[in-house]
Amino acid sequence: MTSFNRSTSRRLKKLTQIPSVWEGDRRPLSSPNQFSDSEAKGECILWVDYSQGVVRGMDIVASDIGPEAIVRTLMQAMEHPQSPARPARPQRIVVKDREIQFYLRGVLQDLDIAIDYAPELPLIDELFRGFADILDSQTPDLPPQYAQILREKAFAIWQVAPWEFLEEQQILSIEINKWDVGTLYASVMGMLGMEYGILFYRSEESLKQFRAAVLTDQESTEHLEEAFLKQDCLFLTFESADETDEDEDEEDDLADLPLSEIDPTFGNIHPLEGLRSVLYDEEALVILVAIESLSRFIRDHRRQLHEDIFPTLVRRYRISLPQSEESTKSVPVTVSTMPQLAAELEEMAGFDIDDQEIDNPDFQSLQDDLIPEDSFLSLGVVSWEILESLRKGVSYHQAGEIKQVGDGLPVILIQTSRPKAKTVIERIEATGGLRAICFNPGADPFDGDRYDLGLLQTQNGELFLFGEFLDEDPTHVEARKKWNQRCKNTKGYCGLIIAKGLTGASRGNPQLRDMMALFEARSLSPKDLGIGTLQLMPQLKFE
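Residues numbered from 1 in each chain as written. Predicted model: local features only at pLDDT ≥ 70, side-chain atom pairs only at ≥ 80, totals over all residues. Heavy atoms only, no water.

Enquirer: I would appreciate a short explanation of helix H12 (residues 384-393) in the present structure.
Expert: For an α-helix the count is 3.6 residues per turn, leaving residues at separations of three or four pointing the same way. Within H12 the residues assigned to the buried category are Trp 384, Leu 387 and Leu 390. Down the axis of H12, the sector holding all buried residues measures 105°, keeping them to one side. Facing away from the buried side of H12 by more than 90 degrees, the exposed set consists of Glu 385, Lys 392 and Gly 393. Check the buried side of H12 and you find it contacts strand S15 (376-382), strand S17 (409-415), strand S21 (493-499) and strand S22 (515-524). (Buried < 20%, exposed > 50% of the residue type's maximum accessible area, 1.4 Å probe, protein only. Helix = DSSP H or I, 4+ residues; strand = E, 2+ residues; numbered from the N terminus. Arc of directions from axis to C-beta. Contact = heavy atoms within 4.5 Å.)

This is how it looks when you write it as structure tokens:
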């Protein structure tokens, strides 16, 4: 049996021993209203001073934690009690568990504390009854009378797996006309393998506003969160039931997990309420009818929905309601595809490549074979003095008259071997020189990562990738802030330096003698470039 160190025992014995009786116990703390007992695995440890009627120590622990936990909470109750109690040592302790009694007698034998057993602990019993009343009074996530059937319908839609052939912008309307709900607009999430679920928008306007807000400002986390909370919709999402370490790499796609490891979550988002993972009675019925009608529609038209062109389909259903809904036994529902709205949303997102090429005739394709893979790359600045020396000593391509404002010219530095540097310079010169440098948003839909893509645009309109930077990389974020400010100072002028010496002593810190070419250019914003967010396609480059 584990016992206190002698120094710990001496420290505890120095506490004033008061003529009080303390009660101690550990019990499961859960609510009968919970549909699942997945969260009922914790236990509450309580130590109370029965003589004074106050709680001295309390902790919540996992049920598989050993008896040491009750001793740790007791030490807190003695040395660092909850207010208004003062540090002290009791004269007597009473517990209602024989195993705890014998354990404490062994651990506390040097502290002159009597450890007794009692079949009831009046004060603790009263406190736990109060805890149970509080938990019972809490609103459950789902109305108890609809919880089971909602989960069954959710698992049914999971097995139908509409995200295998429906994209987020391919909206289905569900006309219900009951419970103050007219038509819901269903957007299916999951084709990209990042998050699975269905958003049921209460209006077409809310859906469009959210899409527009996301496309307008994709870089600001605060604005994205604000746009998210301004949605007006009900939702069903799916998560892994095993919520282990969130920091671990999630190699397995949720779709690959067995049904027993999938957990559906329901909720509501409204501009005035925010996010609420609770459904009330009418909301539960609305989403129940929506899921059932959507499941039937997908089963009936699965083949047509698999086609490349989003078809025009309409189907009417009569959905039976649970028996608890006495006034109405069933609800007529009409489900329709919305090809015109899908096309509008695709146009908003810039999905149509032909439209992009018409709007921006300079955009041909994105190539990534200009800059050698092992190159050293940095975002920085060259002082105006060094810039003058560069212009005189290297292959130099001027972009225009640059006013010397700020600490120098913002530059992208590419350092590679001398032969490769020569090849890079020749290729840029063959295209007529460098026109612009741009950082454009990119996304990998398969792992959810978002990137800041460094692009070079040559005079003939070709685009070359020179770097992929994770949006969350703090080093790059700071470098981009400085880059933007310096480009602002120079009225949009910047430069590209090609240097040799990658394998020499100046690796990562090329000197003036190592710099072989300077291409001055203009800095373009993603809006100026006009190609939208670039998606990484499987076995392809960013396109």
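Now that the structure has been shown, we can carry on.
Enquirer: Can you help me understand the packing of helix H2 (residues 68-79) against helix H3 (residues 98-107) in this one?
Expert: When two helices pack together, their arrangement is given by the angle between the helix axes and by the axis-to-axis distance. For the pair H2 and H3, interaxial distance at closest approach is 10 Å and the crossing angle is 60°. On the basis of the axis angle, H2 is oblique to H3. For the crossing formed where H2 meets H3, the hand is right-handed. Residues Glu 68, Ile 70 and Val 71 of H2 lie in contact with H3, whose contacting residues are Ile 100, Tyr 103, Leu 104 and Val 107. Residue classes in the contact of H2 with H3 are distributed as six nonpolar, no polar and one charged. (Axes fitted to C-alpha atoms, helices over the stretch in contact; angles between N-to-C directions. Parallel < 35°, antiparallel > 145°, perpendicular 65-115°, else oblique. Left-handed = near helix turned anticlockwise from the far one by under 90°. Nonpolar A, V, L, I, M, F, W, Y, C, P; charged D, E, K, R; others polar.)

Enquirer: Even after reading the chapter, I still don't get the state of the cysteines, so can you show me in this structure?
Expert: A disulfide bridge is the covalent bond that connects two cysteines by way of their sulfur atoms. As enumerated under the stated definition, the model contains zero disulfides in all. This cysteine, Cys 487, is not joined by any disulfide, and Cys 494 carries the nearest cysteine sulfur, 4.9 Å off. (Disulfide = S-S within 2.5 Å.)

Enquirer: Please explain unusual backbone geometry as it appears in this structure.
Expert: Glycine aside, residues mostly have negative phi, and peptide bonds are mostly found in the trans state. Following Ser 83, the chain continues into Pro 84 via a peptide bond in cis, with omega recorded as 10°. Relative to the elements of secondary structure, Pro 84 occurs in the loop between H2 and strand S4 (89-95). Positive phi, normally seen in glycine, also occurs at Trp 179, with a value near 55°. Positionally, Trp 179 belongs in the loop between strand S6 (172-178) and strand S7 (181-189). Judged by relative accessible area, which is 13%, Trp 179 ranks as buried. Of note, Asp 180 is a non-glycine position whose phi angle comes to about 60°, a positive value. With respect to the helices, strands and loops of the structure, Asp 180 is situated in the loop between S6 and S7. Owing to a relative accessible area of 82%, Asp 180 belongs among the exposed residues under this scheme.

Enquirer: Explain the sheet that holds strand S12 (residues 314-320) here, please?
Expert: Strand pairing within a sheet occurs via backbone hydrogen bonds; the two strands may be parallel or antiparallel. Spatial strand order, S11-S10-S9-S8-S7-S6-S13-S12: eight strands in an open sheet with antiparallel pairing. Unpaired on one side and paired on the other, strand S11 (274-276) and S12 mark the two borders of the sheet. Each strand axis lies, on average, 25° off the axis of its neighbour in the sheet, ignoring direction. As judged from the five bridges shared by S6 and S7, these two strands associate in the antiparallel manner. Its bridge partner lying in S7, Ile 174 is registered against Leu 184. (Pairing = 2+ DSSP bridges.)

Enquirer: Can you help me understand the sheet that holds strand S2 (residues 42-49) in this one?
Expert: Overall, mixed pairing links the five strands, which are arranged S3-S2-S1-S4-S5 in an open sheet. Across the chains shown, the open sheet's two edge strands, defined by having one partner strand only, are strand S3 (54-62) and strand S5 (114-117). Adjacent strand axes in the sheet meet at a mean angle of 20°, parallel and antiparallel pairs treated alike. Note: strand S1 (residues 17-28) against S2, seven bridges, orientation antiparallel. Along S2, the bridge assignment pairs Arg 26 with Ile 45.

Enquirer: Can you help me understand the nonpolar core in this one?
Expert: Within soluble globular proteins, side chains that are nonpolar tend to cluster in buried spots. Formed by 53 residues in total, the largest nonpolar core has its most connected members in Leu 150, Ile 174, Ile 176, Phe 200, Phe 238, Phe 266 and Leu 294. Counting residues per element, this core draws most heavily on helix H8 (residues 281-300), at 11 residues. Beyond its immediate chain neighbours, meaning those up to four positions away, Leu 150 contacts Leu 142, Phe 266, Leu 279, Ala 284, Ile 287 and Leu 288. In terms of nonpolar packing, the next biggest core, distinct from the first, is built from 26 residues, Ile 70, Ala 88, Ile 100 and Leu 108 among them. (Core = buried A, V, L, I, M, F, W, Y, C linked by side-chain atoms within 4.5 Å.)

Purely spatial values, then, with no claim about function.
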